[in-house]
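# Structural overview for review
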Amino acid sequence: MSRTVLRLLLAMLTLVFAGLAQAHKPSDSYLTLRATTGSPEIVVRWDIALRDLDYVLQLDRDTNAAITWGEVRQRADDITRYATSNLQLASKDQACSWRSAGPLMIDKHSDGAYAVLSLVATCPALGEAVQARYSLLFDVDPSHRGLVQWVAPGSSAAQALIFGTSSASQSLAFAAPSAWQTLRQYVVEGVWHIWIGFDHILFLLALLLPAVLVRRDGQWQGVESFRSALVEVLKVVTAFTLAHSITLSLAALEVVTLPSRLVESAIAASVVVAALSNLRGKTASRRWMMAFAFGLLHGFGFASVLADLGLPQNALVLALVGFNVGVELGQLAIVAVFLPLAFVLRASWFYRTGVFKGGSILVALLASWWLVQRLFDL
Amino acid sequence: MLSLVFRKRWLAALALAATLASPVSQAAPYTPANDAEVVERLPLSASDPSIRRVDSLRKQLAARPDDAALRIEIARRYFDLAGAQGDPRYVGYAAAAITPLADRAADNASYWLLLGMVQQYSHEFDKALVSLHRANDINPRDADAMAWRAAIYMVQARYDKARAECTQMAPLVDPLLAAGCSAYVRAATGELAPAYADLRRALDAAGNAPPELKLWAATRLAEMAQRLQQPAAAEAHFKRALQLGITDQFLLAAYADFLLQQQRPAEVMVLLADWERSDVLLLRLALAGQATKDSRATAWAKQMRERFAAASERSGQRLHEQEAARFALEVDRNARAALEIAADNYKTQKEPRDAEVLMRSALAANTPAAAQPALAWLRESRYEDARLAQLASQLAAAPAAAASAGGKP
């Protein structure tokens, strides 16, 4: 074993830093590719480490270990040729052609100086996507990676891609997501968020639990017909939906904004109130009004989720509608499971005491705990 | 709301990585003022003998691309450079040299050894073990392959396997390496005190061992002494290692950590002066700078954040998580972010330091339950370390309120 390889081995046998045996960063290049709607051109900025360029092109002519700007500048054409011959863009099986869009420059990254290439690729025919094949440095350093930020036409956000030896060919989706894709994506998000948003589900269930019961002679009894339970459920769900659609839209369009801690605390409080009202001995004949009033609050809660997701500025309304529809579909699915079950069980002691009363107490306790947490930011 | 809180936690975990949103890579490029301006310094000049030698081999290879022995020699030289410079690019170059041999070197032990080393380096441990075993199938006396396997087993905490490799290679390698290998395993498996004594004797008897090996043994002795709560002995071992006159950033980092623990940050500033380029040491500089209220501390912290960001941009590049957690905990003083990173890190890296940062973050974040995996490891492995034991008892005493990670619904 040579002494320097022994060092590598011993470095590895240094538990303290075994996870960090790489004291330096491996070789990466950084690419930003930007396409504009209606233009056949892709604007590219490409940062390649001078160390890497030196390894393949011997920039350091005088071998004094110091690369001067002159040594880089005089080789600018070689550098550009080397780079562009190692990134092939093609659209509809036709290669895009490269041209330089500005002089070569320098930028400092955390691990050293990089040559900055400004390039433009002109693609003869525009399709759904641009096929990119990256091969920079792979022949001399298979651990090299090309880190890409791809900005599709009409899109404000960049998409991250990584070219490696096992992912050298990739497709850059040229079209921004279609209206249908946007809609579908946000519907799915909406469904998902009602399902994992326990506070919304519990609020809804707290309001729905009594729908299959009726107060008679100071006692809770099961309703006679499925129809009356269904009507009650529809009233509650519709009121809740209407209310939170209003505030969700207002908040998402930034007409009204409320501090999220306040909203979250109020939502927790609404769950407590809804659950406690079940324990009062009276029929709350106007549960749909409570659903509406508190639904306004829950809408603000959905809006903050939507804000976290990010709204596409060019398809704002579509995303908003999609998300709302998703939330409703998610709610309906919950109702579809709940209502038949509750209706079948409505007359049993298990439902009237265990589920209805016990469940309401549990929900009230849990929501009170959330309320304390959210109020005091525990 | 669950989803929102969930997202917030995620964001907290990514707080460090998120600094990359202001892309390090997209700062404004510039045009240097004149041709004479030096824009980059290479670690080694092309006229350096080690580079010239490998360059001349590469030229020969251009004429004889099918020469397997030449390719293996080039890969070896690049590994030497990687060992000397600590630069992963050279491992990449070594990999490129042997890649064409994949389908015609089935009977070449050296090929399998080098391939195993490349795979190990990119943390493909299971593949590396297979390659290293093949090297020994062809050449049963290849001690290098055994030593690398021992190292991998140690990282994977498969101590019995590691012990077996140590025994197998003992007659074939420098006695100090053999003693170090076995002391290392024993110190991790409940025999810290006797392992310390043995390694100490072996180092005292090791007249002709390579200085790198002596340095390594002395550094490990220092760490063992720390675990045994003998700071004076630890310091003596560190001093002895430093006197060997070899620059080794792992030694510097271990000594810096020792000094920080001993509340001697001013000495760290002297020890690590001008070491900003090393990620490992920059973290220690940032910590010492903060403790001594040095004016450069903020700039160091900023640089550290940028490097974490650059590392996390490579997907799956999670090598810095342990340091990132420590940075979040000690520099940013964001216990929650630290805990998120430390817990995530502990899913893949389960070494004592990973356990330590998880335990400390859990304690700071008031979430003792999150340290459970580390506590379980500490109980089961019988790993002896006074500091870890103390952390464990603090965690046990901490109120179990808001137990599960995060606390909110």
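Residues numbered from 1 in each chain as written. Chains lettered and ligands numbered in written order. Predicted model: local features only at pLDDT ≥ 70, side-chain atom pairs only at ≥ 80, totals over all residues. Heavy atoms only, no water.

Glancing now at the overall build of chain B. Within chain B one finds 22 helices and one strand. Counting all 409 residues of chain B, 53% fall into the buried class. Sequence-distant contacts, at least 24 apart, represent 54% of the contacts inside chain B between residues at least 6 apart. A total accessible area of about 17,500 Å² is found for chain B, and carbon and sulfur atoms account for 54% of it. (Helix = DSSP H or I, 4+ residues; strand = E, 2+ residues; numbered from the N terminus. Buried < 20%, exposed > 50% of the residue type's maximum accessible area, 1.4 Å probe, protein only. Contact = heavy atoms within 4.5 Å. Areas by Shrake-Rupley, 256 points an atom, 1.4 Å probe, with all protein chains shown as cover.)

Turning to the pattern of salt bridges, a few remarks are in order. Residue and element names in this part refer to chain B. What the rule picks out here adds up to 35 salt bridges over all chains. Among the ionic pairs, Glu-124 bridges to Lys-127, the shortest N-O distance being 3.1 Å. What makes Glu-124 partly exposed here is its relative accessible area of 32%. Two residues, Arg-149 and Glu-165, come together in a salt bridge whose shortest N-O distance is 2.7 Å. In this pair, Arg-149 is assigned in helix α8 (residues 143-155) and Glu-165 in helix α9 (residues 159-169), connecting sequence segments 16 residues apart. Assessed through its relative accessible area of 2%, Arg-149 is described here as buried. One salt-bridge network, in which partners are shared between bridges, spans Asp-257, Arg-284, Glu-323, Arg-326, Glu-330, Arg-353, Glu-356, Arg-360 and Arg-387. (Salt bridge = Lys/Arg side-chain N within 4 Å of Asp/Glu carboxyl O.)

The next thing to look at is the packing of helix α2 (residues 50-57) of chain A against helix α4 (residues 76-84) of chain A. To describe two helices that pack against each other, one gives the angle between their axes and the distance between the axes. Residues and elements named next belong to chain A. It is the contact of α2 with α4, at a shortest axis distance of 11 Å, that shows an interaxial angle of 95°. Between α2 and α4, the angle falls in the class roughly perpendicular. For the pair α2 and α4, contact is made by Leu-53, Val-56 and Leu-57 and by Asp-78, Ile-79 and Tyr-82, respectively. Here the contact of α2 with α4 is built from residues that sort into five nonpolar, no polar and one charged. (Axes fitted to C-alpha atoms, helices over the stretch in contact; angles between N-to-C directions. Parallel < 35°, antiparallel > 145°, perpendicular 65-115°, else oblique. Nonpolar A, V, L, I, M, F, W, Y, C, P; charged D, E, K, R; others polar.)

Our next topic: the packing of aromatic side chains. The final tally for this structure, using the stated rule, is 20 aromatic pairs over all chains. Relative to Tyr-114 of chain A, the ring of Tyr-30 of chain A lies with its centre 5.7 Å away and its plane at 55°, an arrangement referred to as tilted. With Tyr-30 of chain A in strand β1 (residues 28-35) and Tyr-114 of chain A in strand β8 (residues 112-122), this pair connects stretches of sequence that are 84 residues apart. Aromatic pair Tyr-55 of chain A and Tyr-93 of chain B: ring centres 3.7 Å apart, planes at 5°, arrangement stacked. Here Tyr-55 of chain A is found in helix α2, whereas its partner Tyr-93 of chain B is found in helix α5 (residues 88-98) on a different chain. The same class applies to Tyr-55 of chain A and to Tyr-93 of chain B, which are both buried. A network of ring pairs unites the aromatic residues Trp-46, Tyr-134, Phe-138 and Phe-163 of chain A as a single cluster. The residue whose ring lies beneath Arg-346 of chain A is Phe-343 of chain A, and the NZ or CZ to ring-centre distance is 3.8 Å. (Phe/Tyr/Trp six-rings, centres within 6.5 Å; stacked < 30°, edge-to-face > 60°. Lys NZ or Arg CZ within 6 Å of the ring centre and 35° of its normal.)

So, about the nonpolar core. Within the largest apolar cluster, 188 residues are counted, with the highest numbers of intra-cluster contacts made by Ile-42, Trp-46, Leu-50, Val-72 and Trp-150 of chain A together with Met-359 of chain B. A per-element tally of this core places α8 of chain B first, with 11 residues. Within the second largest apolar cluster, 36 residues are counted, among which are Ala-206, Phe-240, Leu-339 and Ala-367 of chain A. (Core = buried A, V, L, I, M, F, W, Y, C linked by side-chain atoms within 4.5 Å.)

Bringing the state of the cysteines into the picture now. Per the counting criterion, the structure on display carries two disulfides over all chains. Bridging Cys-96 of chain A to Cys-123 of chain A, the disulfide has an S-S length of 2.2 Å. Here Cys-96 of chain A and Cys-123 of chain A share a disulfide; its torsion about the S-S bond, 100°, makes the bridge right-handed. In this pair, Cys-96 of chain A sits in the loop between β5 (94-95) and β6 (97-100) while Cys-123 of chain A sits in the loop between β8 and β9 (129-134), placing the two residues 27 residues apart along the sequence. Owing to a relative accessible area of 9%, Cys-96 of chain A belongs among the buried residues under this scheme. Cys-123 of chain A gets classed as buried once you look at its relative accessible area, which sits at 2%. Linked covalently through their sulfurs, Cys-166 of chain B and Cys-181 of chain B form a disulfide whose S-S length is 2.0 Å. (Disulfide = S-S within 2.5 Å.)

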